[in-house]
Every structure is written in structure tokens, then in C-alpha cells.
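Results of the structural survey
Residues per chain, in single letters:
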Amino acid sequence: MKRLLIVAHAPSPNTLRLREAVENGARHPDVESVEVVVKAPLDAGPEDVLACDAIILGTTENLGYMSGALKDFFDRSYYPCLEETQGLPFAFYVRAGHDGTGTSRAIESIATGLRWKLVKEPLTCRGEYKEEFVEQCEELGLYVAASLDAGLV
């Protein structure tokens, strides 16, 4: 069994729906050999990253940056994972009230330092909340889990 870790900040009902959509996509019945673990950033740590085969990150855009909770996760996990997780496949989504550019840039910068491998273009759910965000997040979860299941990442 391979393990997909989802670490996503979900401070509102709508962002919780997005995290649940990513999880639902990752748990698609056609994905047979992937265990999905979902944690809030403040509950996840380096031991979770070290135990996974791929990771999906999710965050809100906060003042043009990632959530403080996701930043805290990175702060606690960076050095313990630095040498051990190089090449880790990852993807992420941003729930952005504005443009999400600064948030994406910050996540990509930290992941570059960790030498993680981005396996899908970042998903930015931009502007007013739309129901289509749920479908997009579900597709993201399915894509990463199916790629992991098939040995493509």
C-alpha cells in the first residue's frame, strides 16, 4: 500500500468542503492500492511526511500568503524532512479570495527547498466561492492518487 497524505487548512464550511472533495477524489473506488491520510496542518508533522509516498497541500490565501497553520506545518517539518523526502511527489490547491499568486509562490519556494516534485499544476480556486471548486478539488485528489496507484509518480 502506498500512502497519500493530505494536509489542508479548512477554517470554514466551504474550505472544509474543498478538503473533503480532495479526499473523496483520492478515495475513488478505482484507486486500489493507496491509503489516504487526511490531517489539519496543526495536527500533521514530519513523521507524517516521512511516512507518505505523496502529499497534497491545501490552504487559504491569507494576506497574500499561505495560512499560518500551513506555514507552521512547514516550519516544524522542513529540517526533519529535508534530506529524507527529496523527490516527494506533491500537489496543492489554494482557496484565494484575490489572485493566489503570492500563496502559490511561497509554497513552491518551500517545496523547491525541500526538492519535492510538483506533479500537477497548482489549483487556484479564485474569487467568490463557486461550486465548481468542489469538482476541481475532487479531480486533483483523484489525479494524484491514481498517479500514485499506477506508479507514475
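Attention here is on the structure that accompanies the text. For every chain, the first residue of its written sequence is number 1, and the numbers climb from 1 along that sequence. Where local features are concerned, this predicted model is filtered to residues with pLDDT of at least 70; where side-chain atom pairs are given and counted, the filter is 80 or more; whole-chain, interface and lining totals use all residues. The basis for every side-chain value is the complete set of heavy atoms in the structure, and neither hydrogens nor water enter the calculation.

This part is about the pattern of salt bridges. The salt bridge criterion pairs a side-chain nitrogen of Lys or Arg with a carboxyl oxygen of Asp or Glu, the two atoms within 4 Å. Under the defined criterion, the tally for this structure stands at six salt bridges. With a closest N to O distance of 3.0 Å, Asp48 and Lys39 form a salt bridge. When its relative accessible area of 12% is taken as the criterion, Asp48 is described as buried. In this scheme, a residue with accessible area under 20% of its type's maximum is buried, one over 50% is exposed, and one in between is partly exposed, where area comes from a 1.4 Å probe on protein chains only.

Each Phe, Tyr or Trp ring, with Trp reduced to its six-membered ring, pairs with another whose centre is within 6.5 Å; inter-plane angles below 30 degrees give stacked pairs, above 60 give edge-to-face pairs, and intermediate values give tilted ones. In total, this model carries six aromatic pairs according to the counting rule given. Arranged with centres 5.7 Å apart and planes meeting at 50°, the rings of Phe73 and Phe74 form a pair that is tilted. For the pair formed by Phe73 and Phe74, the shared burial category is buried. Either the NZ atom of lysine or the CZ atom of arginine qualifies as a charge over a ring when it sits within 6 Å of the ring centre and within 35 degrees of the ring normal. Positioned above the aromatic ring of Tyr143, the side-chain terminus of Lys120 is 4.7 Å from the ring centre.

Let us look at the nonpolar core. Residues enter a nonpolar core if they are buried and are Ala, Val, Leu, Ile, Met, Phe, Trp, Tyr or Cys, with the set joined through side-chain atoms within 4.5 Å. Counting residues in hydrophobic clusters, the biggest one holds 25 residues, and the most contacted among them are Ile55, Leu57, Phe73, Phe74 and Trp116. Each helix is a run of H or I in the DSSP string that is no shorter than four residues. Each strand is a run of E no shorter than two, and both are numbered from the N terminus. Of all the secondary structure elements, the ones that give two or more residues to this core are β1 (2-8), β3 (54-60), α3 (68-82), β4 (89-96) and α4 (101-114). Here a residue-residue contact requires only that any non-hydrogen atoms of the pair lie within 4.5 Å. Once you skip the residues sitting within four places of it in the chain, Trp116 turns out to touch Val49, Ile55, Leu57, Phe74, Thr85, Gly87, Leu88, Phe90 and Ala111. Core analysis: the second largest hydrophobic core is formed by 24 residues, Ala21, Leu123, Val134 and Leu148 among them.

Turn by turn, an α-helix covers 3.6 residues, leaving residues three or four places apart pointing in a common direction. The span expected for a helix works out to 1.5 Å for each residue beyond the first. For helix α5 (residues 132-149), which comprises 18 residues, the first-to-last C-alpha distance of 26 Å matches the rise-based estimate of 26 Å (1.5 Å per residue) to within 8%. Against the buried residues of α5 lie β1, α1 (13-26), β2 (34-39), β3, β4 and β6 (123-126). Within two residues after α5, Gly151 carries a phi angle of roughly 75°, on the positive side.

Turning our eyes to something else, we now look at unusual backbone geometry. Positive phi, close to 55°, is recorded for Leu63, a residue that is not glycine. For Leu63, the location among the structural elements is in the loop between β3 and α3.

With that settled, the discussion passes to the pairing of β1. Counting buried residues along β1, five of its seven residues qualify, which places the element largely inside the surrounding structure. Here, any two strands with at least 2 DSSP bridges between them count as paired. Examined bridge by bridge, β1 and β2 share six bridges and lie parallel to one another. Paired with Arg3 across the strands is Glu35, a residue of β2. Two elements, β1 and β3, share five bridges in a ladder whose sense is parallel. Note on β3: the bridge partner recorded for Val7 is Leu57.

Axis separation between α1 and α5 bottoms out at 6 Å; the angle between their running directions is 35°. Considering how the two elements wind past one another, α1 and α5 form a crossing that is right-handed. Note on element contacts: α5 touches α1 through Phe133, Val134, Cys137, Glu138, Gly141, Leu142 and Ala145, opposite Arg17, Leu18, Ala21, Val22, Asn24, Gly25 and Ala26. Side-chain classes are defined by residue name, with Ala, Val, Leu, Ile, Met, Phe, Trp, Tyr, Cys and Pro counting as nonpolar, Asp, Glu, Lys and Arg as charged, and the others, Gly among them, as polar. For the contact of α1 with α5, the per-class residue count stands at nine nonpolar, three polar and two charged. Here an angle of 0 to 180 degrees is reported between the N-to-C directions of two axes, which are lines fitted to C-alpha atoms, with helices fitted over the stretch in contact. By definition, any crossing whose near helix is turned counterclockwise from its far helix by less than a right angle is left-handed, and any crossing with a clockwise turn is right-handed.

Limitation: the analysis is restricted to geometry and does not speak to function.
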